[in-house]
Amino acid sequence: MRFKTSLLKEPKHSDLVGCVAWNNTEEVYSCGDDHTILKWNLVTKETVKVADMPSELYPTDLHWFPRCQVAGKKQGQDILLVTAADGKFHLISKNGRIEKSVDAHQGAALTGRWSYDGAGLLTAGEDGQVKIWSRSGMLRSTIVQSDTPIYSAAWGPDSNQVLHTSGKMLIIKHLTPNSKPNKWRAHDGLILKVAWNPSNNLIISGGEDCRYRVWDIYGRQLYCSQLDDYPITSISWAPGGDLFAVGSYNTLRLCDKTGWSYSLEKPTTGSIFNITWSSDGTQVAGACGNGHVIFAHIIERRLEWKNYEVTVTGRKSISVQNVSNDAWEKLEFPDRIIKVSLGYNHLVVVTSSQCHIYTTKNWNTPVIFDLREGSVCMLLLAERHFLLVEKSSLSLYSYEGRLLCSPRWQGMQPETFNPACVSISPDTIAVRDQTDEKLVHLFELGTARSLVDAPPIRHGGGVVEIALNQAGSPGERQLVLVDKNRDMYLTNIRGSATLKRLCKLGSMIQSLCWNNDTNMLAAVQDTNLIVWYYPTVLYVDKRLVKKTVSHRDASEFGKNPVVVSFDGNHLGVRRVDGSLVTSSVSPYPSVLHGYAASSRWDDALRLCRFIKDSTLWACLAAMSTHAKDLTTAEEAYAAIDETDKVAYIQHIKANPLRTVQLAEMALLGGNIQDAESILLQNGLVFRSIFTNLHLHNWNRALELAIKHKTHVDTVLFFRKKYLETFDKPETNLQFLQFKNKVELDAEKIAHKIEMEYQKELQNG
């Protein structure tokens, strides 16, 4: 991936260009020290002078009102915010008329930014102040007063925080009065530019120490670049948060969000003072010191899937190569390419107005349909459908081009989505709420092709990443989520209450990826690359979790590696320098998953006997226990020396009642609620009470006995024997209320228990 740059032979501005801004994906406005505003049309290649500004206006920053936030409201959509060296900011209409001028700062006003919700704007200047203004230009508050010039500032994702520079320091200031700022030393020289992305919540900064750095919101450095030749004069995030651009003297660099560089261009521009991205994240415009405005678009984006390699070779062309037979195809499109995704035997290409769907069997006749909005933020593929995220909607389409559904919820903000907070599977869509980070919405694609709301998942800590598994039936659909503490939790989004509870699977998780073919999960955990061969073991037998996991030292991948793919038994890991390293795991767990899915337990046993691997045996023990196959589970537990489980399984097999066996199998995995539900649903009230007595769940046993008006004396009798064993007095208020009210006759109770067992056998 790299930038393809374009510069005119002669500059249109007669002096330095200070700032540029995109009005839409094909129209750019620029303003410079020659006091003119120019409009650049990238389709017609025309440049038009919009207006001549006053001779005292030397612009320092330019920003269009955020159009996406005010859908349906005409007012203010075409208002341009311009800050100037005389300390003023100006609100300028699209035709170049100055609507309002405000004295904002002593000295130059160095930066001006509209908030993401369009409710206000901020300015920062040489006087060391950051001020918040209303949309109409009325002063609301001065949130920062310092003795050093503030060269750059940016809004936080929720428009409730402001990031600004202060010499060599970066400071995050909350708009709440008297809130304590978060500040840290970020560079060895003066910081000139900062940017804060609302999608990934990451910060980038560049300064006179000739380095750019990537930070999280707590001030932890995620990346530091090599020493450049010149100070970093401009920096900007792509809207989706997956890329950013860095500008310097005769230098334009394209970088991944983790910091490593895709490409380095050396155009003759002088210093690039300002860089902005188009809303679709495919183009940038830069304000140059020699009077030029530089334009660049992304080409050579490369995708791989199995034996296919797809490369975006130009603005409107793609090449497809089948590496197995060297077959080669060139695809041409009428409009500029915005998004491309390859997987599941399909290539989906989104242009500025249409969506093209190709199958790997036919590259000549794609399915084509027109986009609803024409501005796609994200594209995700699943086995039977794909998700298009546009600026104000989510749309799920089949590979035949048919719209399946458009999920909606209150407070939806699709333009700030990133792949970490949206996940799709063959039957489910999971989306983290943008306004409440603790909430995950679930949407189910029913058999009638209609969308039915599933109850949302609420997690105590803020959720930063979610992922749905791709394999298995809808009943086996699992969701993993990573919270702000980097703890990873697993839940089954369907099934019983036991399966739907959140269970902690790991901590210090840096990145994760589900296997495309089986329910295996890979993650980078601290300094290890870990693969959970059977994550469902959490709900079957927690003692087996460590025995069903593969650990590998991840130091070979360097600092902060990212798992980008997990196909079959091959893992793709992206190192911090951008190189892609392929690693492999044992192929046998994948085979075992296939046998378990088709209930071929004899084949599974033969495989484990042949391989003689304890991890494989532990996986089989968990799988067979989950499937309630006692014979296989007994042998698997015996192979890993779990003698207590073997004895318990033999006890289960000795019981002639299938219902009781199922309940006992649930108990084997520690799922007490499931066991109780099975017994109660089949009318085995006594067995349910007796199970709680064995587990010393005294209150629950008494509650069931009272509710069903049976065996209250049995519960009281066993409670009394238990306390007598330890020579303890009764202190439980629930049991004290029955003291001296219920007769406890040992022979009568024993007879009642015997009658219950006989009754079970007769009914069974």
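Basis of the calculations
Residues numbered from 1 in each chain as written. Predicted model: local features only at pLDDT ≥ 70, side-chain atom pairs only at ≥ 80, totals over all residues. Heavy atoms only, no water. Helix = DSSP H or I, 4+ residues; strand = E, 2+ residues; numbered from the N terminus. Buried < 20%, exposed > 50% of the residue type's maximum accessible area, 1.4 Å probe, protein only. Contact = heavy atoms within 4.5 Å. Areas by Shrake-Rupley, 256 points an atom, 1.4 Å probe, with all protein chains shown as cover. Lys, Arg positive; Asp, Glu negative; His and termini not counted. Charge placed at Lys NZ, Arg CZ, Asp CG, Glu CD. Pairing = 2+ DSSP bridges. Axes fitted to C-alpha atoms, helices over the stretch in contact; angles between N-to-C directions. Core = buried A, V, L, I, M, F, W, Y, C linked by side-chain atoms within 4.5 Å. Arc of directions from axis to C-beta. Phe/Tyr/Trp six-rings, centres within 6.5 Å; stacked < 30°, edge-to-face > 60°. Lys NZ or Arg CZ within 6 Å of the ring centre and 35° of its normal. Salt bridge = Lys/Arg side-chain N within 4 Å of Asp/Glu carboxyl O. Parallel < 35°, antiparallel > 145°, perpendicular 65-115°, else oblique. Left-handed = near helix turned anticlockwise from the far one by under 90°. Nonpolar A, V, L, I, M, F, W, Y, C, P; charged D, E, K, R; others polar.

**Details of the overall build of the protein chain**
- For the protein chain, the helix and strand inventory stands at 14 helices and 55 strands.
- By principal-axis analysis of the C-alpha atoms, the protein chain measures approximately 110 × 65 × 50 Å.
- In the protein chain, which comprises 764 residues, the proportion classed as buried is 55%.
- For the protein chain, long-range pairs separated by at least 24 residues make up 43% of all intrachain contacts whose partners lie at least 6 apart in sequence.
- Total accessible area computed for the protein chain in this model is approximately 33,500 Å², and 48% of it derives from carbon and sulfur atoms.
- Across the protein chain, 84 positive and 82 negative side-chain charges occur, with their mean positions spaced 2 Å apart.

**Topic: the sheet that holds strand β54 (residues 570–574)**
- An order of β53-β54-β55 is seen for the three strands of this open sheet, with the pairing classed as antiparallel. On the outer flanks of this sheet lie β53 (562–567) and β55 (580–584), each paired with one strand and no other. This sheet shows a mean twist of 25° between the axes of neighbouring strands, independent of strand direction.
- Of the strand pairs in this sheet, β53 and β54 are connected by five bridges, and their pairing is antiparallel. When the sheet's bridge partners are listed, F566 is paired in β54 with L571.

**A few points about the nonpolar core**
- With 62 residues, the main nonpolar core has M488, L512, W532, L592, L620 and Y637 as its most contacted residues.
- Here the element with the most residues in this core is helix α5 (residues 614–626); it accounts for eight residues.
- Excluding residues that lie within four positions of it along the chain, Y637 makes contacts with D541, L544, A621, T625, E642, K645, V646, I649 and L668.

**Details of helix α11 (residues 698–708)**
- Those residues of α11 not exposed but buried are W698, A701, L702, L704 and A705. The arc that holds every buried residue of α11, seen down its axis, measures 160°, which confines them to one face.
- Taken together, the buried residues of α11 touch α9 (672–681), α10 (685–694), α12 (712–725) and α13 (733–736).
- Where α11 terminates, the next one or two residues include K709, which has phi positive at roughly 55°.

**Topic: the packing of aromatic side chains**
- Here the structure, examined in full by the defined rule, presents 25 aromatic pairs.
- With centroids separated by 4.4 Å and ring planes inclined at 25°, the aromatic side chains of F369 and Y397 adopt a geometry described as stacked. With a gap of 28 residues between them, F369 in strand β36 (residues 362–370) and Y397 in strand β39 (residues 394–398) connect regions that are remote in the sequence. The same class applies to F369 and to Y397, which are both buried.
- What links up through ring pairs into an aromatic cluster is the set F686, F690, F717, F718 and Y757.
- It is R719 that lies over the ring of F735; its NZ or CZ is 5.0 Å from the centre.

**Concerning the sheet that holds strand β8 (residues 88–92)**
- Spatial strand order, β6-β7-β8-β9: four strands in an open sheet with antiparallel pairing. Because the sheet does not close on itself, it has two edges, and the strands there are β6 (59–64) and β9 (98–103). Neighbour-to-neighbour, the strand axes of the sheet open up by a mean angle of 15°, direction not taken into account.
- With five bridges connecting them, β8 and β9 associate as antiparallel partners. Residue H90 lies in a different strand from β9, and its bridge partner there is S101.

**Considerations on the pattern of salt bridges**
- Going through the model one piece at a time under the given rule, you end up with 30 salt bridges.
- Close ionic contact of R97 with E99 constitutes a salt bridge, the shortest N to O distance being 2.6 Å.
- The partner of D188 in a salt bridge is R185, with the nearest N and O atoms 4.0 Å apart.
- The class of D188 is exposed, set by a relative accessible area of 52%.
- Among the residues examined, R185 registers a relative accessible area of 51% and is labelled exposed.
- What you see here is one network of salt bridges that share partners, running through R185, D188, D209 and R213.

**What about unusual backbone geometry?**
- Backbone geometry at K628 places phi at a positive 65°, although glycine is not the residue there.
- Of note, K628 is situated in the loop between α5 and α6 (630–639).
- Positive phi values are uncommon outside glycine, yet K709 reaches one of about 55°.
- Assignment of secondary structure puts K709 in the loop between α11 and α12.
- On the accessibility criterion, K709 (77% relative accessible area) is exposed.

**What to know about the pairing of strand β12 (residues 129–134)**
- Counting buried positions along β12 yields six of six residues, so the element is predominantly enclosed.
- Burial along β12 is two-sided: Q129, K131 and W133 facing one way and V130, I132 and S134 facing the other are all buried.
- Where strand β11 (residues 120–125) folds back onto β12 in an antiparallel hairpin, the turn is made up of three residues, including G128, whose phi is positive at roughly 75°.
- Bridging between β12 and strand β13 (residues 139–145) involves five bridges; their strand directions are antiparallel. Across the sheet, the residue bridging to I132 is S141, located in β13.
- Hairpin remark: β12 followed by β13, antiparallel, with four residues in the connecting loop; positive phi at G137, about 95°.

**A look at the pairing of strand β50 (residues 521–525)**
- Counting buried residues along β50, five of its five residues qualify, which places the element largely inside the surrounding structure.
- Where strand β49 (residues 509–514) and β50 come together, five bridges link them in antiparallel fashion. Across the sheet, C513 pairs through a bridge with A522, a residue of β50.
- Remark: six residues form the turn of the hairpin made by β49 and β50, two consecutive strands paired antiparallel.

**Examining the packing of α12 against helix α14 (residues 746–763)**
- The contact between α12 and α14 brings their axes to 10 Å, and the two run at 120°. In this view, α12 runs oblique relative to α14, as classed from their interaxial angle. Crossing of α12 against α14: the hand is left-handed. Together, D713, T714, F717 and F718 of α12 and A746, I749, K752 and I753 of α14 make up the contact between the two elements.
- Here the residues of the contact of α12 with α14 sort into five nonpolar, one polar and two charged.

So far we have only geometry, and geometry alone does not tell us how the molecule works.
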